[in-house]
Amino acid sequence: MTHPVAHPWYHTESLAPNLWLITEPHVHPIFSANMHLVLGRDADLLIDSGMGIAPLRPVVDALRPDPDKPVICLSTHTHVDHIGAAHEFETRLVHPAEADELAAPSPYSLKSADIPAPLAAMFTEAGYDPLWDYLVDAVPAADYDLSAYAIQPAAATGLVEDGDMIDLGDWQAEVLHLPGHSPGQVGLWHAETGTLFGADAIYDGPLIFAGAGMSVPDYAATLKRIRDLPVKIVHGGHDPAFGPDRLHQIIDHYLELWAMS
């Protein structure tokens, strides 16, 4: 199967003077995760690193006013669409429950036929469109070998747990442990602006809660915790940002679905 070449591979969008969104528009929506780059005085922060299909570090550095400044890569959790380029960054943070997977990632394929049938069925049942033949509808270069795709090991250089602070000098955010979708998933809470980086705990699309390593009771507790925050804007792991009204609609829907309101 021949795929067209997409260059550039990544799409970048400025969301605020110190915040960039990076996406992979040619990846199937279920695997096209948001990456957020926060620019700080003393260091910059990359939240998640996509599929790793094309080099990410040059894109990140091109967005940074000072590419020589330290950059921290925080993996909110270790599903394939959030850790693909983590190995490109010298400083790598993750929750202890996800550290083994970051250091030795499970094999993954871009060919949909290689994805276990129950997993593919779960995506469809959640509300996503059926998977394409491959997880991409383009390639980043004419000689790109889809069959050679692999996630590179990227052992954590530091661990983060609930209540820890990420400090960029002029920007500080609290680490929130948000299990349910993944045992060690974390988000970030920037109290000063009411901004929640919710990872895959909360985004404006079908949430995934019934797979391996997932827990509906934990997920319900996570959503209740998020509901109590004075949120003004949510930047999720997928789909566009949204405000508090939509946040509460999403939370109420899933808590009612699970009969855990």
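Use the structure listed above.
These numbers come from a predicted model, not from an experiment.

Engineer: Can you help me understand the packing of aromatic side chains in this one?
Structural biologist: The way to describe two aromatic rings as a pair is by their centre distance and the angle between their planes. Within this structure, the stated rule accounts for seven aromatic pairs. Relative to Tyr108, the ring of Phe31 lies with its centre 5.9 Å away and its plane at 65°, an arrangement referred to as edge-to-face. With a gap of 77 residues between them, Phe31 in the loop between β2 (19-23) and β3 (35-39) and Tyr108 in the loop between α3 (99-103) and α4 (117-126) connect regions that are remote in the sequence. Geometrically, the ring pair formed by Trp171 and Phe197 is edge-to-face, given 6.4 Å between the ring centres and 70° between the ring planes. Of this pair, Trp171 sits in the loop between β8 (165-167) and β9 (172-177) while Phe197 sits in strand β11 (residues 195-199), and the two are 26 residues apart along the sequence. Looking at Trp171, the relative accessible area reads 7%, which means it is buried. A connected cluster of aromatic rings, assembled from ring pairs, spans Phe209, Tyr219, Tyr254 and Trp258.

Engineer: Looking at this structure, how should I read helix α5 (residues 216-227)?
Structural biologist: For an α-helix the count is 3.6 residues per turn, leaving residues at separations of three or four pointing the same way. Its twelve residues place the ends of α5 16 Å apart at the C-alpha level, agreeing with the 16 Å of an ideal helix rising 1.5 Å per residue. Taken together, the buried positions of α5 are occupied by Tyr219, Ala220, Thr222, Leu223 and Ile226. Along the long axis of α5, the arc covered by the buried residues comes to 160°, so they all point the same way. Elements in contact with the buried residues of α5: β11 and α6 (244-257). The opening residue of α5 is Ser215, an N-cap whose side-chain oxygen sits 3.2 Å from the backbone nitrogen of Asp218.

Engineer: Mind showing me how you'd approach the sheet that holds strand β6 (residues 91-94) here?
Structural biologist: What the seven strands build is an open sheet, ordered β1-β2-β3-β4-β5-β6-β7; its pairing is mixed. Each of the sheet's edge strands pairs with one partner strand only, and the pair in question is β1 (11-16) and β7 (158-159). Pairing analysis gives three bridges linking strand β5 (residues 71-74) to β6, with the strands arranged parallel. Note that in β6 the partner of Leu74 across the bridge is Leu93.

Engineer: Help me understand the pairing of β5 in this model?
Structural biologist: Looking along a regular strand, one sees the side chains alternate between the two faces of the sheet. By the alternation rule, side chains of β5 split into Val71 and Cys73 and Ile72 and Leu74, which are all buried. In terms of strand pairing, strand β4 (residues 44-47) meets β5 through four bridges, oriented parallel. When the bridges of β5 are listed, Ile47 appears paired with Leu74. Where the polypeptide runs from β4 across helix α1 (residues 57-63) and back to β5, its parallel neighbour, the crossover connection is right-handed.

Calculation rules
Residues numbered from 1 in each chain as written. Predicted model: local features only at pLDDT ≥ 70, side-chain atom pairs only at ≥ 80, totals over all residues. Heavy atoms only, no water. Phe/Tyr/Trp six-rings, centres within 6.5 Å; stacked < 30°, edge-to-face > 60°. Helix = DSSP H or I, 4+ residues; strand = E, 2+ residues; numbered from the N terminus. Buried < 20%, exposed > 50% of the residue type's maximum accessible area, 1.4 Å probe, protein only. Expected span 1.5 Å × (residues − 1). Arc of directions from axis to C-beta. Contact = heavy atoms within 4.5 Å. Polar contact = N/O pair within 3.5 Å; in protein donor to acceptor, adjacent residues only side chain to side chain. Pairing = 2+ DSSP bridges. Right-handed = clockwise from strand over helix to strand, strands pointing away.

Without other data, these values stay purely geometric and don't point to any function.
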